[in-house]
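Listed below are the residues making up each chain.
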Amino acid sequence: MLKQRVITALVLLLILLPALFYHSPAPFCAIALVFIAAGAWEWARLNGYGPVASLFSGFVCGVACAAAWWLGMLEQSLVLLWILAGATWVLAGAWALHRGVSAWSAHPQAVRLVSGLIALWLAWLAVAQARVIGINFLLSILVLVWVADIFAYFAGRALGGRFSRGKLAPSISPGKSWEGVWGGMAGVVVLAFVWRWADATGSITVPSLYSQLGRQGWWLLLIAVMFLSAMSVVGDLFESLVKRSAGVKDSSGLLPGHGGVLDRVDALLPTLPLAMMLYSVLQPR
């Protein structure tokens, strides 16, 4: 299993890193589109659709992403779209987690499918638009999610249950603790202020998300990164809820040793649109 994980990770890095740092955003956006289409295929399977319908769902999501690209949406200001997407994730995410695993399958199958495809399309649009803005900006969002996850894991292992009476969401993901959430938030706060300092002292051409937020005051930067860290947990828990409803451990076996695409991008699904919402709202008009 460890060998599989290492090999898969190396292959992904060999594919993604050259595309990420290429002078044009096109290769990265294209690879991200393929991954999101694969995620749509997984989403349909998790919600009870057969092989043909699942493949068609992946195709439809890929076409929707390509259409947004062709229409020039990657270069457009989409303030209202990101506000709507962000508000929906906050409200619908909290509502779904509150209702729990048993309530998910009670929703009409078509509603579950379409809502997931829209969420995946928004995630692709957000990551592609972030890459168009700049590599430093995109990486500041991606690394935030990774740091939140890493710090949450180690804080949960070391401190889980010592300061809180109950688990975070025992019926959805029994291993997650409140201490892990707080540890993730602490990690991203340190990351944000260090990255902002690096932006200020380095010769960057495109500011990170942290520098954009910090222009409004350190208090907004602090609140925003803690909020994004919390929403990355919502994305993780939401996918766990859907998998528990489907009775599976992984979203698929597309990435040997790592599960499926959704297992790797679940925390990014709400975080990317919300980061773009914050960026769009704070841009001078």
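Residues numbered from 1 in each chain as written. Predicted model: local features only at pLDDT ≥ 70, side-chain atom pairs only at ≥ 80, totals over all residues. Heavy atoms only, no water.

Colleague: Describe the layout of surface pockets, naming the residues involved and giving the relevant values.
Modeller: There is about 530 Å³ of room inside the second largest pocket. Around the second largest pocket sit 26 residues that line it, and Thr88, Ala92, Ser115, Ala119 and Phe238 are the ones nearest its centre. When residues of the lining of the second largest pocket are traced back to their parent elements, those giving at least two are α4 (79-99), α6 (109-133) and α10 (218-246). At nine residues, the largest contribution of residues to the lining of the second largest pocket is made by α4. (1 Å grid on protein atoms, 1.4 Å probe; cavity = no way out; pocket = protein on both sides within 12 Å on 5 of 7 lines; lining within 4 Å. Points joined across faces, edges and corners; volume = space filled by probe spheres on them. Helix = DSSP H or I, 4+ residues; strand = E, 2+ residues; numbered from the N terminus.)

Colleague: Requested: an account of the pattern of salt bridges, with residues and values cited.
Modeller: A pair can form between side chains of opposite charge whenever their charged atoms are brought close. Enumeration over the complete set of coordinates arrives at three salt bridges. With its nearest N and O atoms 3.4 Å apart, the salt bridge here joins Lys176 to Asp236. Taken as a pair, Lys176 in the loop between α7 (135-159) and α8 (178-201) and Asp236 in helix α10 lie far apart in primary sequence, 60 residues in all. Judged by its relative accessible area of 14%, Asp236 is buried. (Salt bridge = Lys/Arg side-chain N within 4 Å of Asp/Glu carboxyl O. Buried < 20%, exposed > 50% of the residue type's maximum accessible area, 1.4 Å probe, protein only.)

Colleague: Go over the state of the cysteines, please, and point to the residues and values.
Modeller: The final tally for this structure, using the stated rule, is zero disulfides. For Cys29, which is in no disulfide, the shortest distance to another cysteine sulfur is to Cys65 and amounts to 10 Å. Here Cys65 is not disulfide-linked; the sulfur of Cys61 is the nearest cysteine sulfur, at 4.5 Å. Take Cys65: its relative accessible area is 0%, and that puts it in the buried class. (Disulfide = S-S within 2.5 Å.)

Colleague: Break down the packing of aromatic side chains for me, citing the residues and quoting the values.
Modeller: One pass over the full model with this rule turns up nine aromatic pairs. Residues Trp89 and Phe238 carry aromatic rings whose centres are separated by 5.8 Å and whose planes lie at 85° to one another, so their mutual orientation is edge-to-face. Of the two residues, Trp89 is situated in helix α4 and Phe238 in helix α10; the sequence distance between them amounts to 149 residues. Given the relative accessible area of 10%, Trp89 is considered buried. (Phe/Tyr/Trp six-rings, centres within 6.5 Å; stacked < 30°, edge-to-face > 60°.)

Colleague: Could you give an account of empty space enclosed by the protein, naming the residues involved and the relevant values?
Modeller: One pass over the full model with this rule turns up one cavity of 30 Å³ or more. In this structure, the largest cavity encloses a volume near 30 Å³. Taken together, Trp95, Ala96, Arg99, Gly100, Ala103, Trp104, His107 and Leu241 make up the full set of residues lining the largest cavity. Elements that contribute at least two residues to the lining of the largest cavity include exactly α4 and α5 (101-104). Per-element accounting of the lining of the largest cavity gives the leading share, three residues, to α4. Across the lining of the largest cavity, the residue classes tally to five nonpolar, two polar and one charged. (Nonpolar A, V, L, I, M, F, W, Y, C, P; charged D, E, K, R; others polar.)

Colleague: Break down the environment of Trp104 for me, with residues and values.
Modeller: Along the polypeptide, Trp104 turns up in helix α5. Along the chain, Trp104 and Ala246 lie 142 residues apart, while their C-alpha atoms are 9.6 Å from each other. Non-local contacts of Trp104, meaning those with residues more than four positions away in its chain, are made with Trp43, Asn47, Arg112, Ser115, Phe238, Leu241, Val242 and Ser245. At a separation of 3.0 Å, a polar atom in the side chain of Trp104 contacts the side chain of Asn47. (Contact = heavy atoms within 4.5 Å. Polar contact = N/O pair within 3.5 Å; in protein donor to acceptor, adjacent residues only side chain to side chain.)

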